[in-house]
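Observations on chain architecture
Single-letter residue listing:
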Amino acid sequence: MDVTLHVWRQKSAADRGRFVRYEARNISPDMSFLEMFDVVNEGLIARGEDPIAFDHDCREGICGTCGMVINGVAHGPRRGTTVCQLHLRSFRDGDTITVEPWRARPFPVIKDLVVDRGAFDRIIQAGGFISVPTGSAPDANAIPIPKPDADLAMDAASCIGCGACVAACPNGAAMLFTAAKVSHLGLLPQGQPERRQRVRQMVVAMDREGFGSCTNYAECEAVCPKAISIRFIARMNRDYLKASLME
Amino acid sequence: MSRLFLFYRSSIGKKVVMAVTGLVLFGFVVVHMAGNLKVYQGAEKINAYGEFLRAMGSPVFSHGQVLWIARIVLLASVALHIMAAVQLILMNRRARPVGYTHQDPIQATYASRTMIWSGPVIALFVIYHLLHFTAGTVHPSFRAGDIYHNVIAGFRVWYVSAFYIVAMVGLGFHLYHGVWSLFQTLGINDVRVDRFFRRLAAVATVAVVAGNISIPVTVLLGLIS
Ligand code: HEM
Ligand code: FES
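Residues numbered from 1 in each chain as written. Chains lettered and ligands numbered in written order. Predicted model: local features only at pLDDT ≥ 70, side-chain atom pairs only at ≥ 80, totals over all residues. Heavy atoms only, no water.

1. Notes on the site of ligand 1
We count it as follows: Only a single heavy atom is needed: when it lies within 4 Å of a molecule or strand, its residue is near that molecule or strand. Polar contacts here mean pairs of N or O atoms no more than 3.5 Å apart (in protein, one a potential hydrogen donor and the other a potential acceptor; neighbouring residues in sequence count only if both atoms are side-chain atoms). Think of it this way: any DSSP run of H or I at least four residues long counts as a helix, any run of E at least two long counts as a strand, and we number them from the N terminus. Any residue outside Ala, Val, Leu, Ile, Met, Phe, Trp, Tyr, Cys, Pro, Asp, Glu, Lys and Arg is labelled polar, Gly included; the first ten of those are nonpolar and the last four are charged.
Every one of the 24 residues lining ligand 1 counts as a neighbour, but B:Lys15, B:His81, B:His174, B:Ser181 and B:Thr185 are closest to it. Neighbouring residues of ligand 1 are not confined to a single chain but are spread across chains A and B. Contact between ligand 1 and A:Thr215: an oxygen atom at 3.0 Å from a main-chain N or O atom of the residue. Note that a nitrogen atom of ligand 1 is positioned 2.7 Å from one of the side-chain N or O atoms of B:His174. Taken together, the elements giving at least two residues each to the shell around ligand 1 come down to α2 (11-36), α4 (65-95), α6 (115-135) and α8 (158-185) of chain B. Broken down by element, the shell around ligand 1 gets its largest block of residues, eight residues, from α8(B). The residue makeup of the shell around ligand 1, split by class, is 14 nonpolar, nine polar and one charged.

Spelled out as structure tokens, the structure:
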């Protein structure tokens, strides 16, 4: 199949950037969206042009490295799917497809479709961990955890930190990401000692990075490749309220 | 005090202030709508209701004192609500300096996307409404204490009634998103109660909007006079 691409090209953070049109010809419908970019890039390299820069690593939908906004939708038209797992069969022959990087002030463009998501790392550094003595690993089942709690914690922990929530939110808010990270530790016994400190510090870090605030549009939930629910945002709000006002 | 200040400085803190003040205002509009319906019981009943509001709290409080306390709480709520809204809107604008070529909403409701517009519609309406029925300065034949007369005479002017109806539709959109959203913001919402809060928002919105709109409509149709 053939598709026409309008891809955001930007040489560096300082460059103004613009859309460039590319024709992708004879693409297999079973190719992933990123494989199509590989083919386009081979053509560009053969012609001596600069290939399109985009982030990717596992290409299995588990690492959270890939991400681009396709026709206005983060990770493209398939729900619960990263762009590396999106296939051309989700499009029609002859389609025109617009591809843009994540857009948010805390995610500056480095090159083309690659943005700097260091802001997420700094939110994690502020409290997205538990402090335990290192040494021999404890027995995995030493601490009993009720099944519903374990399941809910897993739902939150499935966040791969790709940043689609921020990209899709009209406010550029990082609430879904932060809420998932606050919740998955806050739901488990190992996360209790630092629970209040964690939520306070992570919210402060999130605000400091310049993300927006939540207006409960739920657009983040719609694009999240792991379909993480905004129920975790309510949970984080509750934890934050308690941690800020009650102790 | 410094803890409250720190809390308000955060994005979630401002949202919580919006939610709490929104809840106060929501409670007010529901009670206010129910009070308005007394117009259907005739002049005597609704005028007596107005007098009851002024006399509330006696003999502990003097005449009108409780009413003034309520007014101050409402006014403070409106002020905090608008202040937090403006600060959050500016914060959100700053977070997305470069937009997308086009971005269609996937599941955000129309009401949620128009909060920034329905809010100011309500604010303008509240100012007009207070000048119209409380102060009487923009009323054609205001009689202090004669609520029944003021309502009937006020709504006989068709464009005034039309403005009230439009403002109530705006209020309806604001409440439809706001009443669900506030429980999410306060962390009370969860999957098991989500449908309940969505329904509560829908039912309360329809009740407030329909109840209030019915009054100018019946006046214009000449059903009460
Ligand atoms: C007077 C001018 C007003 C403005 C500018 C305004 C603006 C806003 C904005 C921008 C939001 C946030 C939207 C969101 O979170 O999705 C909001 C939320 C809300 N508003 Fe208003 N509003 C106004 C008046 C009112 C009034 C009179 C009421 C009550 C009848 C009200 C009830 C609410 C509620 C319940 C919320 C939800 C709070 C939350 O999201 O947690 N607002 N308002
Ligand atoms: S490349 Fe790892 S999730 Fe897409």
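2. Some words on the interface of chain B and chain A
Keep this limit in mind: The contact criterion used throughout is that any non-hydrogen atoms of two residues lie within 4.5 Å. Using a 1.4 Å probe, buried area is obtained as the accessible area two parts lose upon being combined, added over both of them. Within this document, salt bridges are pairs made up of a side-chain nitrogen of Lys or Arg and a carboxyl oxygen of Asp or Glu, the two lying within 4 Å of each other.
In this assembly, 39 residues from chain B lie in contact with 50 residues from chain A. Taken over both partners, the interface formed by chain B and chain A buries close to 3,600 Å², and the fraction arising from carbon and sulfur atoms is 51%. Three residues, B:Ile12, B:Tyr100 and B:Gln107, lead the burial of chain B against chain A; their summed loss comes to 17% of the area buried on that side. The salt bridge partner of A:Arg231 is B:Asp190, with a shortest N-O separation of 3.0 Å. Run the count over chain B and chain A and you get 27 residue pairs in polar contact (both at pLDDT 80 or more). Contributing elements (two or more residues each) for the side of chain B that touches chain A: α1 (2-9), α2, α4, α5 (110-113) and α8 of chain B. Partitioned by chemical class, the residues of the side of chain B that touches chain A number 16 nonpolar, 16 polar and seven charged.

3. A word on the packing of aromatic side chains
Residue and element names in this part refer to chain B. Defined as follows: Whether two aromatic rings pair depends on their centres lying within 6.5 Å, for rings of Phe, Tyr and Trp, where Trp uses its six-membered ring; planes under 30 degrees apart make the pair stacked, over 60 edge-to-face, and the rest tilted. The classification of residues rests on relative accessible area computed with a 1.4 Å probe and restricted to protein chains. Under 20% of the type maximum is buried, over 50% is exposed, and intermediate values are partly exposed.
Per the counting criterion, the structure on display carries 21 aromatic pairs over all chains. Considering the side-chain rings of Phe125 and Tyr164, the 5.1 Å spacing of their centres and the 90° angle between planes classify their relative orientation as edge-to-face. Residue Phe125 is located in helix α6, and its partner Tyr164 is located in helix α8; the two are separated by 39 residues in the primary sequence. Relative accessible area serves as the criterion here: at 8%, Phe125 is assigned to the buried category. Classification of Tyr164 by relative accessible area gives buried; the value is 6%. Summarising the aromatic geometry, the rings of Phe133 and Phe155 are spaced 5.6 Å apart at their centres and angled 85° between planes, so their arrangement reads as edge-to-face. You can see Phe133 sitting in helix α6 and its partner Phe155 sitting in helix α7 (residues 147-155), a full 22 residues away along the chain. Owing to a relative accessible area of 19%, Phe133 belongs among the buried residues under this scheme. An aromatic cluster of three or more residues is present, and its members are Phe125, Tyr128, Phe133, Phe155, Phe163 and Tyr164.

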